[in-house]
Amino acid sequence: MKFTEDHEWLRAEGDVFVVGVTEYAAEQLGDVVFVELPEEGVTVKKDDEIVVIESVKVASDIKAPVDGTIVAVNDKLGDAPALVNEDPLGEGWFFKMRIDDPAAIEGFMDEAAYREMIA
Amino acid sequence: MPELERTILDALHRDLGARMVPFAGYEMPVQYAAGVMKEHLHTRARAGLFDVSHMGQVILRGDDAAKALETLVPADICGLKPGRQRYGVFTNAEGGIVDDLMIAHRGDHLFVVVNAACKAGDIAHMRAHLDCSVEPVEDRALLALQGPDAEAVLGALVPEAATMRFMDVRTADSDFGALWISRSGYTGEDGYEISVQNGRAIAFAQALLADGRVAPIGLGARDSLRLEAGLCLYGNDIDAETTPVEAALEFSIGKARRTGGARAGGFPGAERILREMETGAPRRRVGLLPEGRAPMRAGTCLYETETAETPVGTVTSGAYGPSVERPISMGYVPTTMAAPGTALFGEVRGRRLPVTVAELPFRPSTYKR
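So, here is what we can say about the structure in this document. (Residues numbered from 1 in each chain as written. Chains lettered and ligands numbered in written order. Predicted model: local features only at pLDDT ≥ 70, side-chain atom pairs only at ≥ 80, totals over all residues. Heavy atoms only, no water.)

Contacts between the two partners involve 16 residues from chain A, matched on the other side by 13 residues from chain B. Between chain A and chain B, roughly 1300 Å² of surface is buried when both sides are summed, and carbon and sulfur atoms account for 46% of that area. It is Val-33, Val-56 and Lys-57 of chain A that lose the most area in chain A upon contact with chain B, and together they represent 37% of the buried surface on that side. Linking chain A with chain B are five salt bridges, by the criterion used here. A salt bridge links Glu-36 of chain A to Arg-349 of chain B; the nearest nitrogen and oxygen atoms lie 3.6 Å apart. Viewed at the interface, chain B and chain A are joined by five residue pairs in polar contact (both at pLDDT 80 or more). Taken together, the elements giving at least two residues each to the side of chain A that touches chain B come down to helix 1 (23-29), strand 4 (32-36), strand 6 (49-55) and helix 2 (76-79) of chain A. Here the residues of the side of chain A that touches chain B are counted per class, giving seven nonpolar, three polar and six charged. (Contact = heavy atoms within 4.5 Å. Buried area = accessible area lost by both parts, 1.4 Å probe. Salt bridge = Lys/Arg side-chain N within 4 Å of Asp/Glu carboxyl O. Polar contact = N/O pair within 3.5 Å; in protein donor to acceptor, adjacent residues only side chain to side chain. Helix = DSSP H or I, 4+ residues; strand = E, 2+ residues; numbered from the N terminus. Nonpolar A, V, L, I, M, F, W, Y, C, P; charged D, E, K, R; others polar.)

Set out below in structure tokens:
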């Protein structure tokens, strides 16, 4: 699993990557009450704001970590946005994407480096 | 930026795991470890303890203090009986709301509680215009205990609190010194606000928290609780540009102060406010229920149709309501569109989403009347 400075994680699953936010980010967001996801099939550029998360406190954007194509989104979040808080690294994932250039994720942190960043 | 003030309970908040944020010049707990959602639901199910010591407590003393205060506030203060409290607003010459406040008749004086962000201005305003002594209370903290178990919890420490009704006020001797108790609050729940000497405040808060039914509650849940209860937040839902009639706060204008009343008018902006009482105001504060799950937050523009170019109104408060389990908002719309059921659109992130005008409150209050 790889981590970005924006507290997103990417996990390889076959030839695509699953993307979500870390436990730390979910904790900071507070209770999530609404998630707006991108459409399947859209192409995105790194740093495009493609997910909107509304918590009881505030609206936040999640950016595309790299250039690529959205191949699936987590429809469960429509009825159960709290999954982002309950299981951010599992059931609370946002989308799966096909990455244009696999080398693009090489600069991301491993778990140890991420833990150090948030320590 | 000036240094933030801390309330007398600051160390207790930090011990309880609060996340502290700047609010109205103070460092205040926005939430504790449980988080906003659980804190909100706990308050509705059991009892929540809030530190509201940042708010301004002021004593008005003098033979004609009530009459004097009526020159700044359209509420009926002269008719307020000893041991009772009432809601009011300070108005300006244009009829706008300078602040909202609670006014208690405590026998030989009036005790008012004003908003933290406005207190310096309110005190200066009262000193400039009131022919009575205006004494800020600096040596007392203010706590709120809210929720269905509040009566049993406070009653265990101060038995006479249980005999009070909504908007009663009294002084009670206790193990924590003299407590100035009112049966009121800002959540829509039954409960109390309690003024306690600074030196006793932490021990009193700890005694309340020692009761398993009580949890500490931060400003985040305070905001969602008051929004479900349809209560205004000064600076969001009411301000110097909104009149009490526009804000649907007619109840705060005493019968005696209205046209034809014994002491009609005589407060700033009376001409406009009393005219609006007769004929209505062009716009009105209403409840709003967004369709779907996306909250419509403060600042969201409201439109009559999906394509209209000009907004007809604005959302002034909006969030997810944990007890009503849906997004809720308040805002201003033209009075012609203020009837419950009126269909409008709110623009969220560039998209027009349906929203329906609704009755306030979103959740019925449970005051012990």
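Next, the rest of the story.
This paragraph deals with the packing of helix 2 (residues 36-45) of chain B against helix 7 (residues 219-228) of chain B. If you want to describe how two helices pack, look at the angle between their axes and the distance between the axes. Residue and element names in this part refer to chain B. It is the contact of helix 2 with helix 7, at a shortest axis distance of 8 Å, that shows an interaxial angle of 55°. As the angle between them shows, helix 2 and helix 7 are arranged oblique. Like other packed secondary-structure pairs, helix 2 and helix 7 cross with a definite hand, here right-handed. When helix 2 is examined against helix 7, the residues Val-36, Glu-39, His-40, Thr-43 and Arg-44 are found in contact with a partner set consisting of Gly-220, Ala-221, Ser-224, Leu-225 and Glu-228. In the contact of helix 2 with helix 7, the residues fall into three nonpolar, four polar and three charged. (Axes fitted to C-alpha atoms, helices over the stretch in contact; angles between N-to-C directions. Parallel < 35°, antiparallel > 145°, perpendicular 65-115°, else oblique. Left-handed = near helix turned anticlockwise from the far one by under 90°.)

Residues and elements named next belong to chain B. Read around the closed barrel, six strands run 15-18-17-16-19-20, paired in antiparallel fashion. Pairwise comparison of adjacent strand axes, ignoring direction, gives a mean angle of 45° for this sheet. Pairing analysis gives two bridges linking strand 16 (residues 301-303) to strand 17 (residues 313-321), with the strands arranged antiparallel. Bridge pairing in strand 17 places Leu-302 opposite Gly-313. Those strands touched by helix 7 are strand 17 and strand 18 (326-334), and its axis lies near 115° from that of strand 17. (Pairing = 2+ DSSP bridges.)

Geometry only, nothing functional implied.
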